[in-house]
Amino acid sequence: MNTTSLHFLAEYHDCSSAILDDADALTALMLEAVAAVGATVVQQVTHRFSPQGVTVVIAVEESHFSMHTWPEERYAAVDVFTCGACDPRLAHPVLFSGLGSESSEVMELKRGAGRPGSAMELLRHDTEHEPPVTGPWINEEFGRAQRLALHVEQMLHQSRSRYQEIEVFTNAIFGTVLRLDGIFQTSTLDEAHYHELLVHPALCCVERPRRVLVIGGGDGGTAREVLRHPEVEACLMVEIDGDVVEACKRHLPGMGAWDDPRLDLIIGDGVRYLAEAEPDSFDAILLDGSDPVGPSKGLFGKGFYEDARRALAPGGVFALQSEAFHVTSDVFYEIQTLLQQVFPEVHPYVGSVPLYGCGHWTWTFASADRTPEQLDEARADALGREGEVYEASVHRAAFVLPLDVRRKLAALNA
Ligand code: SPD
């Protein structure tokens, strides 16, 4: 036997007692739940008890919905069973808000899926305030073969700027998430993994990183990590899209160190800014762009890398996010090839950013005269005492790449 059917049981506590005794209102609410599930009503019965309490039973073509209420306890018990394509869990948001419930527990049983004795499989038992997953999922697609889907708990912001589509939403695992033009950019779950790895390997290998340029990084996380270095006297951030900065200040307020007096934010074109920068202007340049599409396209070219080399002071380091070596391997290796044409020292390194859906992410350290081995271990370990991800041991481990990647990189040079 292998049928598709799901039994959904819910306990609604701390409900509005008025509705729990109102037979007409409860019938209407249950019919609303039936509609939300997409089931078809066959027959309905509502019975009001004396002195209080109501039972509503609705037979549907897909099986049944039932509710029994205890107004004196402000409690309702619900039982929904459907077979076929209907999802009985979709009744939950309707009932939870319609009953004015303040806490609920739900249980799901998958039925008819096994042999006698194992027919009922308990899928989940949610506790208070944990409704089942309903509502939209949004995707990031990688080419034509892979996508990462995140469930949207609450959409906090949606707008279209002059440059791109901006969305900020919450997800039960990733926390608050920023998405630009359909590409997940940062989340409160793993932003430290991304920002600390972009910033600290470069700054900890520069002897005295006093002047730092950040290109992009509109959420503020990269500049925040730069400003954790006490040697930094000035951090100039050039971000093309002021609307991204505003949305992040509002919905990701902890991500930026916007009030640090050493931070100078310019809303403008980072590619043009770097092209016009004086030689030897910066001790470190950090590129925090999106993938090489839309407004970030110009950030991935040889001319841009040449401008970065010119604007770096002797002993300076340029670091950038450089995509993933499996899923976006063409971009990763192209970045390496172009950087090697411009910088004598080019060292990709790897870390984990689950939001990017690839299992790993890379950054690249490029310099005229510094290498990742020239690490100031004391400064790196001092960062680790207050940070979440980076210290000297993490620095060293990040530059150890898998053999297949090392071999392909060696072949680029051959
Ligand atoms: N695949 C998405 C890469 C995004 C890199 N930039 C993220 C910005 C975080 N500050």
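Residues numbered from 1 in each chain as written. Predicted model: local features only at pLDDT ≥ 70, side-chain atom pairs only at ≥ 80, totals over all residues. Heavy atoms only, no water.

1. Description of the layout of surface pockets
Here the idea is plain: a probe the size of a water molecule rolls over the atoms and shows the empty space left. We apply this condition: Only protein atoms enter the calculation, which uses a 1 Å grid: trapped sets of points that fit a 1.4 Å probe without letting it out are cavities, open sets showing protein on both sides within 12 Å along at least five of seven lines are pockets, and any residue with an atom within 4 Å of a point is a lining residue. Grid points are joined across faces, edges and corners, and a volume is the space filled by probe spheres set on the points. Secondary structure elements are taken from DSSP: a helix is a run of H or I of four residues or more, a strand is a run of E of two residues or more, and numbering for both begins at the N terminus. Each residue gets one of three labels, nonpolar for Ala, Val, Leu, Ile, Met, Phe, Trp, Tyr, Cys and Pro, charged for Asp, Glu, Lys and Arg, and polar for the others, Gly among them.
Counted as a void, the largest pocket has a volume near 650 Å³. Around the largest pocket, the lining comprises 43 residues; the ones closest to its centre are Gln185, Gly289, Ser290, Asp291 and Ser296. Breaking the lining of the largest pocket down by element, the ones donating at least two residues are strand 8 (137–142), strand 12 (175–180), strand 13 (183–187), helix 4 (191–203), strand 14 (211–216), strand 15 (234–239), helix 7 (270–276) and helix 9 (329–342). For the lining of the largest pocket, the element with the highest residue contribution is strand 13, accounting for four residues. In terms of residue class, the lining of the largest pocket is made up of 19 nonpolar, 15 polar and nine charged.

2. So, empty space enclosed by the protein
Evaluated as defined, the whole model comprises one cavity of 30 Å³ or more. In this structure, the largest cavity encloses a volume near 40 Å³.

3. A look at the sheet that holds strand 18 (residues 312–321)
The strands making up a sheet are joined through hydrogen bonds of the backbone, oriented either antiparallel or parallel. Our working rule: Two strands are said to pair when DSSP picks up at least two bridges between them. Between N-to-C directions, angles span 0 to 180 degrees; the directions come from axes that are lines fitted to C-alpha atoms, helices contributing only their stretch in contact. Pairs of residues are marked as contacts when any of their non-hydrogen atoms sit within 4.5 Å.
The seven strands lie next to each other as 16-15-14-17-18-20-19, forming an open sheet whose pairing is mixed. Each edge of the sheet is formed by a strand with only one pairing partner; in this case those strands are strand 16 (263–267) and strand 19 (345–351). Adjacent strand axes in the sheet meet at a mean angle of 15°, parallel and antiparallel pairs treated alike. Its contacts with the sheet put helix 8 (residues 302–311) on strand 14, strand 17 (282–288) and strand 18, and the angle it makes with strand 18 is roughly 145°.

4. Remarks on the nonpolar core
Inclusion rule: As used here, the term nonpolar core means buried Ala, Val, Leu, Ile, Met, Phe, Trp, Tyr and Cys residues forming a set that is joined through side-chain atoms within 4.5 Å. Only protein chains enter the area calculation, which uses a 1.4 Å probe; residues under 20% of their type maximum are buried, those over 50% are exposed, and those in between are partly exposed.
Membership of the largest hydrophobic core comes to 51 residues, with the highest contact counts inside it found for Leu203, Val226 and Leu286. Phe65, Ala76, Cys86 and Leu95 belong to the second-largest nonpolar core, a separate cluster that totals 29 residues.

5. Things to note about the pattern of salt bridges
This is how the line gets drawn: Between Lys or Arg on one side and Asp or Glu on the other, a salt bridge is scored when a side-chain nitrogen of the former is within 4 Å of a carboxyl oxygen of the latter.
Taken as a whole and judged by the stated rule, the model has 19 salt bridges. Linking Glu191 and Arg224 is a salt bridge whose minimum nitrogen-to-oxygen distance equals 2.9 Å. Here Glu191 is found in helix 4, whereas its partner Arg224 is found in helix 5 (residues 221–226), with 33 residues between them in sequence. When its relative accessible area of 11% is taken as the criterion, Glu191 is described as buried. With relative accessibility at 14%, the residue Arg224 sits in the buried group. For Arg396, the salt bridge goes to Glu377, with nearest N and O atoms at 2.7 Å. One end of the pair, Arg396, is in helix 11 (residues 392–398); the other, Glu377, is in helix 10 (residues 377–386), with 19 residues separating them in the sequence. The exposure class assigned to Glu377 is partly exposed, which follows from its relative accessible area of 39%. Residues participating in the shared-partner salt-bridge network are Glu191, Glu196, Arg224, Glu225 and Arg228.

6. Thoughts on helix 6 (residues 242–251)
Given 3.6 residues to a turn, an α-helix orients residues that are three or four positions apart in the same direction. Selection criterion: In protein, a polar contact means a hydrogen-donor-capable atom and an acceptor-capable atom, both N or O and within 3.5 Å, with residues adjacent in sequence counting only if both atoms are side-chain atoms; elsewhere, any N or O pair within 3.5 Å suffices.
All buried positions along helix 6 are accounted for by Gly242, Val244, Val245, Ala247, Cys248 and His251. Those residues of helix 6 that are buried lie in contact with strand 10 (154–160), strand 11 (165–171), strand 12, strand 15 and strand 16. Two or three places before Asp243, at the opening of helix 6, Asp241 has a side-chain oxygen 3.0 Å from that residue's backbone nitrogen.

7. Focus on the site of the ligand
In plain terms, the rule: Throughout, near means a residue has at least one heavy atom within 4 Å of the molecule or strand. Per-residue and other accessible areas follow the Shrake-Rupley method at a 1.4 Å probe size, with only the shown protein chains counted as cover for residues.
Around the ligand, the neighbouring residues are Ile183, Phe184, Gln185, Tyr194, His195, Asp219, Asp288, Gly289, Asp291, Gln321, Tyr356 and Trp361. A distance of 2.7 Å is found between a nitrogen atom of the ligand and a side-chain nitrogen or oxygen belonging to His195. Here a nitrogen atom of the ligand sits 2.9 Å away from a polar atom, N or O, in the main chain of Gly289. Taking 330 Å² as the accessible area of the ligand by itself, protein coverage stands at 98%. Broken down by secondary-structure element, the contributors of at least two residues to the shell around the ligand are strand 13 and helix 4. A per-element tally of the shell around the ligand places strand 13 first, with three residues. Considering only residue class, the shell around the ligand consists of five nonpolar, four polar and three charged.

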